[in-house]
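This is what each chain is made of:
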There are 2 protein chains.
Amino acid sequence: MSDSKPIALDAMGGDHAPHEIVAGAVHAVRERGLSIVLVGSPRVLYEALADHDATKQVPIVRAEEALAMDEGALASLRRPRSSIAIACHLVRRGDASAVVSAGSTAGIVATGRLRLKAQHGVQRPAIAVALPTLPNPTLLVDAGANADVKPEMLVQFAHLGTAYAELAYGIAQPKVGLLTIGAEAEKGNKLVKRAHELLQGSPGINFAGNVEGYDLLTGKVDVITTDGFTGNVALKTMEGAVRYAFAELRQTIEDGRLARLGAALQRSRLRELRRRLDAEAHGGAVLLGLNGTVVIAHGASKAPAISAACQLAADLSAEGIVAGIGERIAATHRSHRLW
Amino acid sequence: MSDSKPIALDAMGGDHAPHEIVAGAVHAVRERGLSIVLVGSPRVLYEALADHDATKQVPIVRAEEALAMDEGALASLRRPRSSIAIACHLVRRGDASAVVSAGSTAGIVATGRLRLKAQHGVQRPAIAVALPTLPNPTLLVDAGANADVKPEMLVQFAHLGTAYAELAYGIAQPKVGLLTIGAEAEKGNKLVKRAHELLQGSPGINFAGNVEGYDLLTGKVDVITTDGFTGNVALKTMEGAVRYAFAELRQTIEDGRLARLGAALQRSRLRELRRRLDAEAHGGAVLLGLNGTVVIAHGASKAPAISAACQLAADLSAEGIVAGIGERIAATHRSHRLW
């Protein structure tokens, strides 16, 4: 990787901060060869690093405040010296290549917008989540940053997702689907029906038409564009349904004697599958459209998920996701001027 | 059951019409003791009934037209003599107690609104789907009838679902949740935030606050109120995710030799669970708020699902769901006048 700037890792955000965050940083440095800087309370972090004999491997940048997990958008204004704000600041002044945080999503989105600002031409930064389809993940954009949007924003989310799919997964002309309630063009609410018209005529977007809730996990398209309200409801519904199906299955396969034997033969495989789905579901959301890469790890992340999120941040940053999005949006504006 | 009027079953709607519909009618009559009248092409239906030696057990009402599965709302205007229109007409004039159809949802909703009309005081009839939670299903309202709604309608959907939960499942003061993107009152889009305020002060509604996508299958509340766009996306996402989890599990448990042995021991149980979840997921949606009970069976329904949908229609009709909703809505209007 040519980009030698470190990842700024918010050490104070997340259900298991700071210890699992620090452990994740140490793993990322030692096993992945990444460069990381931890942002948070120096005393606490120094001690945590000492437990790993890693005080020399991972530098610390001081931030005495932190956003609590239940603090939302307003807190980011009240706490300009929070760990997430300082992490953004490091990227802003060129001292870090990307931000990783497992803190409150609302807090990260608000702080990111405030400190890094939206890229030129981007109306609303949006959250992209990679769903566990094969061979490539389907990217859901927006998964929760913007509850109220306009049709034009759904077109921009399609651009953000397209840039992500091209750069992170090397997909040529990613297929974009519009999340709604039927395959026909006229199916949906007013927002979606207007967005459908706009997407059909959008240069640079390979619009594949409407998709439905079923299609989150079928891999039918590479990018699903939706407002952050619908996207967030759908994402959490999907997580809940997978959890439910597993619980029902566990009960089914452990009922009865012969069945228990069968279950015993399966147990390690089931555990592994469960872990894979969990890890992929929680592997890291990306806040796209800011002047800097921001990866939002799941609040429940432990060290392996934090380390994976740092890898994702480093990859996206090395592949130039911010510049890629900037070029796309600029090209859209140019093509609009021709009309 | 005291209500001796038959169920009007649309024999021409559904992917497997008319044969599976007729087989379902015969099952409902013979095994459940229900009274059914089939609506559709007499020649075709007579032959299908003859295959079951049931020409004397199930009467036929003529309807020479039918709505195709891909026909939407407009077709219901163009085809006043469609099987679904005639079925609604039978209820309207008091010759049937309820309608069952596996036809296109959009067509059924439009035809039901046009032929049966909304109950006095009901702004928008809505679709209720019973999710497979235990011990009681959670009712999702609206699951797809109204893509664009106002905050007041989310309150009415809460009333419709409350009446359903009380009458069909005997739940006292059903807990109502508002589907949104976070537990705190201020989480959501403008529609939901305003609906939250309205629900808090609504007499006759046991408002339990916000719920998220995870909660569709946790049984945390008895009724989930949402607009038909979000509800439909969530419902289909849930169905897709359960299907995905099963497919992943099947692959996992059949990989490797010892595992295959384990899988063989499980197979019949897994099949059974799959069938249960499918049946429950597709067991029948109810269109609430019309002057008559309308049950919408899944388009892919075969005979057992059709028979179950007829049972649901007969039960709801016998329990007086239409009158129950009418009383609730009237009471709401009275309490509004006091303010």
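Residues numbered from 1 in each chain as written. Chains lettered and ligands numbered in written order. Predicted model: local features only at pLDDT ≥ 70, side-chain atom pairs only at ≥ 80, totals over all residues. Heavy atoms only, no water.

K.L.:
For this particular structure, what's the right way to read the overall build of chain A?
P.N.:
Secondary structure assignment for chain A yields 11 helices and 11 strands. Looking at chain A residue by residue over its 339 residues, the buried ones come to 56%. Counting contacts in chain A only where the partners sit at least 6 residues apart, residues at least 24 apart contribute 70% of the total. Carbon and sulfur atoms provide 50% of the accessible area of chain A, an area that totals close to 14100 Å². (Helix = DSSP H or I, 4+ residues; strand = E, 2+ residues; numbered from the N terminus. Buried < 20%, exposed > 50% of the residue type's maximum accessible area, 1.4 Å probe, protein only. Contact = heavy atoms within 4.5 Å. Areas by Shrake-Rupley, 256 points an atom, 1.4 Å probe, with all protein chains shown as cover.)

K.L.:
Would you explain the sheet that holds strand β3 (residues 60-62) of chain B in this entry?
P.N.:
The strands making up a sheet associate through hydrogen bonds between their backbones, and the pairing can be parallel or antiparallel. All names here are of chain B. Judged by pairing direction, the sheet is mixed, and its 11 strands sit side by side in the order β3-β2-β1-β4-β11-β10-β5-β6-β9-β7-β8 without closing on themselves. The outermost strands of the open sheet, each flanked by one partner alone, are β3 and β8 (206-211). Taken over all neighbouring pairs, the strand axes of this sheet differ in orientation by 25° on average, direction set aside. In the sheet, strand β6 (residues 138-141) pairs with strand β9 (residues 223-225) via three bridges, with the strands oriented parallel. Each bridged residue has a counterpart across the sheet, and for leucine 139 the counterpart in β9 is valine 223. Where helix α6 (residues 151-169) meets the sheet, its contacts fall on β5 (126-131), β6, β7 (175-179), β9 and β10 (285-288), and the angle it forms with β9 comes to roughly 165°. (Pairing = 2+ DSSP bridges. Axes fitted to C-alpha atoms, helices over the stretch in contact; angles between N-to-C directions.)

K.L.:
For this particular structure, what's the right way to read the packing of aromatic side chains?
P.N.:
Each pair of aromatic rings is reported with the distance of its centres and the angle of its planes. All names here are of chain A. Taken as a whole and assessed by the stated rule, the structure comprises two aromatic pairs over all chains. Ring centres 6.0 Å apart and planes at 20° place the aromatic pair tyrosine 164 and tyrosine 169 in the stacked group. Looking at tyrosine 164, the relative accessible area reads 1%, which means it is buried. (Phe/Tyr/Trp six-rings, centres within 6.5 Å; stacked < 30°, edge-to-face > 60°.)

K.L.:
How should I be thinking about the nonpolar core in this particular structure?
P.N.:
Soluble globular proteins: nonpolar side chains tend toward being buried together. The biggest cluster of nonpolar side chains holds 214 residues, and the ones touching the most others in it are Ile36 of chain A together with Ile36 of chain B. In contact with isoleucine 36 of chain A, other than residues within four places in its own chain, are Pro6, Ile7, Leu9, Ala25, Ala28, Val29, Val58, Pro59 and Cys310 of chain A. (Core = buried A, V, L, I, M, F, W, Y, C linked by side-chain atoms within 4.5 Å.)

K.L.:
Mind showing me how you'd approach the sheet that holds strand β4 (residues 98-101) of chain A here?
P.N.:
Residue and element names in this part refer to chain A. Strand order in this open sheet of 11 strands is β3-β2-β1-β4-β11-β10-β5-β6-β9-β7-β8, and the pairing throughout is mixed. For this open sheet the edge positions go to β3 (60-62) and β8 (206-211), each flanked by a neighbour on one side alone. Going from strand to strand, the sheet's axes swing by 25° on average, the running direction of each strand aside.

K.L.:
How do you make sense of the pattern of salt bridges when you look at a structure like this?
P.N.:
Between side chains of opposite charge, a pair can form as their charged atoms come close. All names here are of chain A. Inspection of every chain in the model, using the stated rule, returns 16 salt bridges over all chains. Where aspartate 215 meets lysine 220, a salt bridge forms, and the shortest distance between an N and an O atom there is 3.9 Å. Classification of lysine 220 as partly exposed rests on a relative accessible area of 47%. (Salt bridge = Lys/Arg side-chain N within 4 Å of Asp/Glu carboxyl O.)

K.L.:
I would appreciate a short explanation of the packing of helix α6 (residues 151-169) of chain A against helix α7 (residues 190-200) of chain A in the present structure.
P.N.:
All names here are of chain A. Between α6 and α7, the least distance of the axes is 8 Å, while the angle of their chain directions is 55°. By the angle between their axes, α6 is oblique relative to α7. Two packed elements cross with a definite hand, and for α6 against α7 that hand is right-handed. Seen from α6, the contacting residues are Pro151, Glu152, Leu154, Val155 and Ala158; seen from α7, they are Leu191, Arg194, Ala195, Leu198 and Leu199. Of the residues in the contact of α6 with α7, the class split is eight nonpolar, no polar and two charged. (Parallel < 35°, antiparallel > 145°, perpendicular 65-115°, else oblique. Left-handed = near helix turned anticlockwise from the far one by under 90°. Nonpolar A, V, L, I, M, F, W, Y, C, P; charged D, E, K, R; others polar.)

K.L.:
Please explain the packing of helix α4 (residues 83-92) of chain A against helix α5 (residues 105-116) of chain A as it appears in this structure.
P.N.:
Axis angle and axis distance: for two packed helices, these are the angle between their axes and the distance between the axes, and together they describe the pair. Residues and elements named next belong to chain A. Orientation of α4 relative to α5, taken along the N-to-C sense of each, is 35°, at an axis distance of 9 Å. Taken as a pair, α4 and α5 cross one another with a handedness that is right-handed. Contact residues: Ile84, Ala85, Cys88, Val91 and Arg92 in α4; Ile108, Thr111, Gly112, Arg115 and Leu116 in α5. For the contact of α4 with α5, the class distribution of residues is six nonpolar, two polar and two charged.

K.L.:
Teacher, can you tell me more about the pairing of strand β6 (residues 138-141) of chain A here?
P.N.:
Within a regular beta strand, the side chains point alternately toward one face of the sheet and then the other, so they alternate between its two faces. Residue and element names in this part refer to chain A. Residue alternation in β6 divides its side chains into two sets, Thr138 and Leu140 and Leu139 and Val141, and both sets are buried. Of the strand pairs in this sheet, strand β5 (residues 126-131) and β6 are connected by four bridges, and their pairing is antiparallel. Directly across from leucine 131, in β6, lies its bridge partner threonine 138. In sequence, β5 turns back onto β6 through a hairpin of six residues.

K.L.:
Where do I start with the side chain of aspartate 222 of chain B in this structure?
P.N.:
Residues and elements named next belong to chain B. You can see aspartate 222 is positioned in the loop between β8 and β9. From its side chain, aspartate 222 meets the backbone nitrogen of lysine 175 in a polar contact 2.8 Å long. The contact partners of aspartate 222, leaving out residues within four places of it in the chain, are Pro137, Thr138, Leu139, Ile171, Pro174 and Lys175. (Polar contact = N/O pair within 3.5 Å; in protein donor to acceptor, adjacent residues only side chain to side chain.)

K.L.:
What is the right way to look at the side chain of histidine 159 of chain B in this model?
P.N.:
With respect to the secondary-structure elements, histidine 159 of chain B resides in helix α6. Among residues more than four places away in sequence, those in contact with histidine 159 of chain B are Pro203, Ile205, Arg328, Ile329 and Thr332 of chain B.

K.L.:
Just to check I follow, could you spell out unusual backbone geometry for this structure?
P.N.:
Peptide bonds are trans in most cases, and residues, glycine excluded, mostly fall at negative phi. The omega torsion of the bond from valine 141 of chain A to aspartate 142 of chain A falls at 10°, within 30 degrees of zero and hence cis. Here aspartate 142 of chain A is to be found in the loop between β6 and α6. The backbone of aspartate 53 of chain A shows a phi angle near 50°, a positive value even though the residue is not glycine. The residue aspartate 53 of chain A is located in the loop between α2 (42-51) and β3 in this model. A positive phi angle, near 65°, is found at lysine 117 of chain B, a position not held by glycine. Residue position: lysine 117 of chain B is located in the loop between α5 (105-116) and β5.

K.L.:
How should α6 of chain B be read in this particular structure?
P.N.:
Residues and elements named next belong to chain B. When the terminal C-alpha atoms of α6 are compared, their 27 Å separation across 19 residues agrees well with the 27 Å that a helix rising 1.5 Å per residue should span. When you tally the buried positions in α6, you get 14 out of 19 residues, the bulk of the element. With its phi angle positive at about 60°, glycine 170 sits one or two positions after the end of α6. (Expected span 1.5 Å × (residues − 1).)

K.L.:
What am I meant to see in the pairing of β5 of chain A here?
P.N.:
Residue and element names in this part refer to chain A. For β5, the buried fraction is high: six of the six residues fall into the buried class. Burial along β5 is two-sided: the residues Ala126, Ala128 and Ala130 and Ile127, Val129 and Leu131 are all buried. As paired elements, β5 and strand β10 (residues 285-288) share four bridges and run antiparallel to each other. Bridge pairing in β10 links valine 129 to alanine 285.

K.L.:
What am I meant to see in helix α2 (residues 42-51) of chain B here?
P.N.:
Three- or four-residue spacings in an α-helix give side chains the same orientation, since the helix completes a turn every 3.6 residues. All names here are of chain B. Within α2, the full set of buried residues consists of Pro42, Leu45, Ala48 and Leu49. Mapping the buried residues of α2 onto a view down its axis gives an arc of 135°, with all of them on the same face. Summarising the geometry of α2, the exposed residues directed more than 90 degrees from the buried face are Arg43 and Asp51. In this structure, the buried residues of α2 make contact with α1 (19-32), β2 (36-40) and β3. Following α2 by one or two positions, aspartate 53 has its phi on the positive side, about 50°. (Arc of directions from axis to C-beta.)

K.L.:
Quick question: what am I supposed to make of the environment of glycine 320 of chain B here?
P.N.:
Looking at the secondary structure, you find glycine 320 of chain B in the loop between α10 (303-318) and α11 (321-338). On a C-alpha basis, the gap between glycine 320 of chain B and leucine 167 of chain B in space is 7.8 Å, while along the polypeptide they are 153 residues apart.

K.L.:
It is not clear to me how the environment of proline 59 of chain B should be interpreted in this structure. Could you clarify?
P.N.:
Residues and elements named next belong to chain B. With respect to the helices, strands and loops of the structure, proline 59 is situated in the loop between α2 and β3. Considered as a pair, proline 59 and tyrosine 46 are 13 residues apart in the sequence and their alpha carbons are 9.1 Å apart. If sequence neighbours within four positions are ignored, proline 59 has contacts with Ile36, Val37 and Leu38.

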